[in-house]
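Reading the structure
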Amino acid sequence: MKWKKLGKIFDPTEHKLPNNCFEFAQSPQALVFDNFVRIYFSTREKDKTGKYLSHISFVDFDKDFQTILNVSVNTVIPLGELGCFDEHGIFPINVVRDKDKILAYTTGWNRKVSVSADASIGLAISNDNGTTFRRSGPGPVLTATLNEPFLVCDGFVAIFENVYHMWYIFGTEWTTATKEEAPDRVYKISHAVSSDGINWQKEEGKRIIPDKLDAQECQALPTVIRHGDTYHMYFCYRHATGFRKNKERGYRVGYAYSRDLINWTRDDENAGIACSKEGWDSDMMCYPCIFKCDDKVYLLYNGNEFGRWGFGIAVLEH
Amino acid sequence: MFKWEKLGQLFNPATQNGSSWMHEYAQAPSVVVFNDFVRVFFSSRPAPENGQYVSRLGYIDLKRDDLFEIINICKDPILPLGELGTFDEFGTYPASVIKTGTEIRAYYAGWTRCESVPFNAAIGLAISNDNGETFHKPGQGPVIPYTLDEPFVMGSPKIRRFNDTWYLWYSAGKKWIANDGKPQPVYKIRMAASGDGIHWTKIGRDLINDVLEENECQASADVFFYEGKYHMFFSYRYNLGYRETGRGYNIGYAVSDDLLTWKRNDQRAGITVSESGWDSESVSYPFVFELDNTIYMLHQGNEIGRYGFGLAKLKSYNQ
């Protein structure tokens, strides 16, 4: 794989966003229309306690990703009610066309006491071309089970041969580098299938991508595309601790491929994309989303500070 | 119509002068019968820290031919709390036990603490291979997941097996009432079925209609088969102000032929609060069991089991 970076294309601080959001445009996810491409992202407001709430917004681009046609001015999907899994944020949202409907798999966040938060994956449906989404219920469709005890999130769904596939991550442990620091989480990529997109079968704690850094490697945001007879997965990975300030421990883009959707070969060296020497994506690269548009393959991703200053795009050269 | 004769308070942890973790509360009694004794599992609590409780699972053994004679009290909690960030980090309450082969399984509600609401709960599984003296967990997560229409607060599991099928009754949270910054959950009785007790199919609807109010809270549905019908004894209360007289838990009743359709008729429960004493304000968490041709009900009393549980005996039943 070889990618050509087209640069940063969206900076959230240059636009007025709904829900008092002012920074962050994280985990860009594309939905292709006839004449434009809608890119959803998670942006943030600060609540009255000073903590962040993540909200979904979108921006519409022309198909060259040169011109912004529209930025959402209204709420795309409200946060969950009191006590619900998605009360304190939705990040990310994965948007999938399914016949005449647009499905959204949301990662909802709720704050806890001994650890910062937990997360589960919800389902919402749009009947207005993706302008707004309505959740299918107050609870999640994929969440903690016996061998996936917490932090079930980052769902990415693709439909191949009438089977819904979801790649997602689940938490394996909360860890602390030092007693003074708040616990950090460890999570791994897994896979579930469904015949209706609602009822999912997990493989209960199965990890499909081997670790490269160490046993506490954090793997996040899998995104999968079929190209010929091969399935390609991009994801991001980092160290479990010290990843916020130390760029050597921060997010990188990883890559794996599969021919049967069961066995994956990790091959980061052939990802064909990495951090730039300088600029907006020089410290880290994270939250990739791969998609096709008019016979070209694109990769959306975030750069430094987890997407605080926006996202960029790359196009597959070969 | 059932008619129960109350035999009185059977166990109060505060008067046992025992372990610090069994300071107060003996909640949700659940029984496994052995040759010479009856082991009653229940959840107890140490004194609160910063006003917050942690519930732990334990047991006492009662002499089989005189249930009011306590012959043994477990020394330590028999089920460990969950690891950092897991669903049962801050408590295991209540638990429902069942013997299967040489195992005893406990289905229990695990408690975690949240920011916008005080807690969340989910149902876990623990297994004992030493007659219930210690339990281990097959995994760190819950055995019944939250789903689209069961978003949170899954609690008060009750496990039973009928005709080789496992049934789990539980409470599922419907909504949180904000209540001026002291949120209170509303929960209703639901059911799941399983061939192995691990993989569950939820039936996905509330089983018991409300009688008090739309926000009535329902819990601890204990089902047993008797005289050709399935009988459910459960707890119900008002959503708010439940520490006031008349608004706390009482024992309700419903009957079914097929375990799916239930006809509620609380008057037929045949047991309610006493005029005075340890269970004069509230009765709840019924557990019905048969022992040596007598049918008994264990139940907790005032303040949701703070002063332990008592025993009643079935005097008569007629349809």
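Residues numbered from 1 in each chain as written. Chains lettered and ligands numbered in written order. Predicted model: local features only at pLDDT ≥ 70, side-chain atom pairs only at ≥ 80, totals over all residues.

A closer look at the overall build of chain B
Summing up its helical and strand segments, chain B has one helix and 19 strands in all. Expected size for 319 residues packed as a compact globule is a radius of gyration near 20 Å; at 18 Å, chain B falls within 12% of this value. For chain B, the residues scored as buried account for 49% of the 319 residues in total. Of all intrachain contacts in chain B linking residues separated by at least 6 positions in sequence, the fraction that spans at least 24 positions is 49%. (Helix = DSSP H or I, 4+ residues; strand = E, 2+ residues; numbered from the N terminus. Rg over C-alpha atoms; globule rule 2.2 N^0.38 Å. Buried ≥ 20, exposed ≤ 12 C-beta atoms within 10 Å, placed from the backbone. Contact = placed C-beta atoms within 7 Å.)

Observations regarding the overall build of chain A
Counting secondary structure elements, chain A contains one helix and 20 strands. In terms of overall size, chain A behaves like a compact globule, its C-alpha atoms giving a radius of gyration of 18 Å where 318 residues would be expected to give roughly 20 Å. Relative to its full complement of 318 residues, chain A shows a buried share of 49%. In chain A, once contacts between residues fewer than 6 apart in sequence are set aside, the share between residues at least 24 apart is 49%.

As for the pairing of strand β18 (residues 286-293) of chain A
Residue and element names in this part refer to chain A. The pairing of β18 with strand β19 (residues 296-302) spans six bridges and is classified as antiparallel. Among the inter-strand pairings, Cys286 is bridged to a residue of β19, identified as Asn302. Linkage of β18 to β19, two consecutive antiparallel strands, is achieved through a turn of two residues, within which Asp294 is found at a positive phi near 50°. (Pairing = 2+ DSSP bridges.)

A look at the interface of chain B and chain A
Listed per partner, the contact involves 29 residues of chain B and 29 residues of chain A. Of all the secondary structure elements, the ones that give two or more residues to the side of chain B that touches chain A are β7 (103-113) and β10 (165-177) of chain B. In the side of chain B that touches chain A, the residues fall into 15 nonpolar, eight polar and six charged. (Nonpolar A, V, L, I, M, F, W, Y, C, P; charged D, E, K, R; others polar.)

Here we look at the sheet that holds strand β15 (residues 250-256) of chain B
Residues and elements named next belong to chain B. Within the open sheet, the four strands sit side by side as β13-β14-β15-β16. Their pairing is antiparallel. The sheet terminates laterally at β13 (217-226) and β16 (263-264), the two strands that pair on one side only. Sheet topology note: the β15/β16 ladder contains two bridges and is antiparallel. By the bridge assignment for β16, Ala254 is matched with Arg264.

A word on the sheet that holds strand β7 (residues 101-111) of chain A
All names here are of chain A. Taking strand neighbours across the sheet as the criterion, the four strands line up as β6-β7-β8-β9 in an open arrangement whose pairing is antiparallel. At either end of the open sheet lies a strand with only one pairing partner, and these are β6 (90-98) and β9 (134-135). Of the pairings in the sheet, the one linking β6 to β7 comprises seven bridges and is antiparallel in character. Within β7, the residue paired with Val95 across the bridge is Ala104.

A closer look at the environment of B:Phe90
Following the sequence through the fold, B:Phe90 ends up in the loop between β5 (66-73) and β6 (92-100). Every residue in contact with B:Phe90, bar those within four places of it in the chain, is listed here: B:Val54, B:Trp111, B:Thr112 and B:Arg113.

As for the nonpolar core
A:Tyr168, A:Cys236, A:Leu299 and B:Ala106 are the most contacted members of the largest nonpolar core, which totals 171 residues. For B:Ala106, the residues in contact, after removing those within four places along its chain, are B:Leu57, B:Leu79, B:Ala95, B:Val97, B:Ala126 and B:Phe135. (Core = buried A, V, L, I, M, F, W, Y, C linked by C-beta atoms within 7 Å.)

A closer look at the confidence of the model for chain B
Of the residues in chain B, 100% have a pLDDT of 70 or more, and the chain-wide mean is 95. Our summary of model confidence lists the complex with pTM equal to 0.96 and ipTM equal to 0.94. (pLDDT = per-residue confidence, 0-100.)

A short note on the environment of B:Val33
All names here are of chain B. Tracing the chain through its elements places Val33 in strand β2 (residues 24-33). For Val33, a count of 15 C-beta atoms within 10 Å corresponds to the partly exposed category. Remark: the alpha-carbon pair of Val33 and Ile71, spanning 38 residues in sequence, is separated by 14 Å.

Notes on unusual backbone geometry
Of the consecutive residues A:Phe91 and A:Pro92, the connecting peptide bond is found in the cis state with omega at -5°. Here A:Pro92 is to be found in strand β6. Omega for the peptide link from B:Tyr93 to B:Pro94 comes to -10°, which places this bond in the cis form. In this fold, B:Pro94 is placed in strand β6. Unusually for a residue other than glycine, B:Glu303 sits at a positive phi of about 55°. With respect to the secondary-structure elements, B:Glu303 resides in helix α1 (residues 302-305).

Overview of the environment of A:Gly250
All names here are of chain A. Relative to the elements of secondary structure, Gly250 occurs in the loop between β15 (230-238) and β16 (252-258). You can call Gly250 buried: it has 22 C-beta atoms within 10 Å. When the C-alpha positions of Gly250 and Glu305 are compared, they lie 9.4 Å apart, and in sequence the two are 55 residues distant. Look past the residues within four positions of Gly250 in its chain and what remains in contact with it is Arg238, Phe243, Asp283 and Met284.

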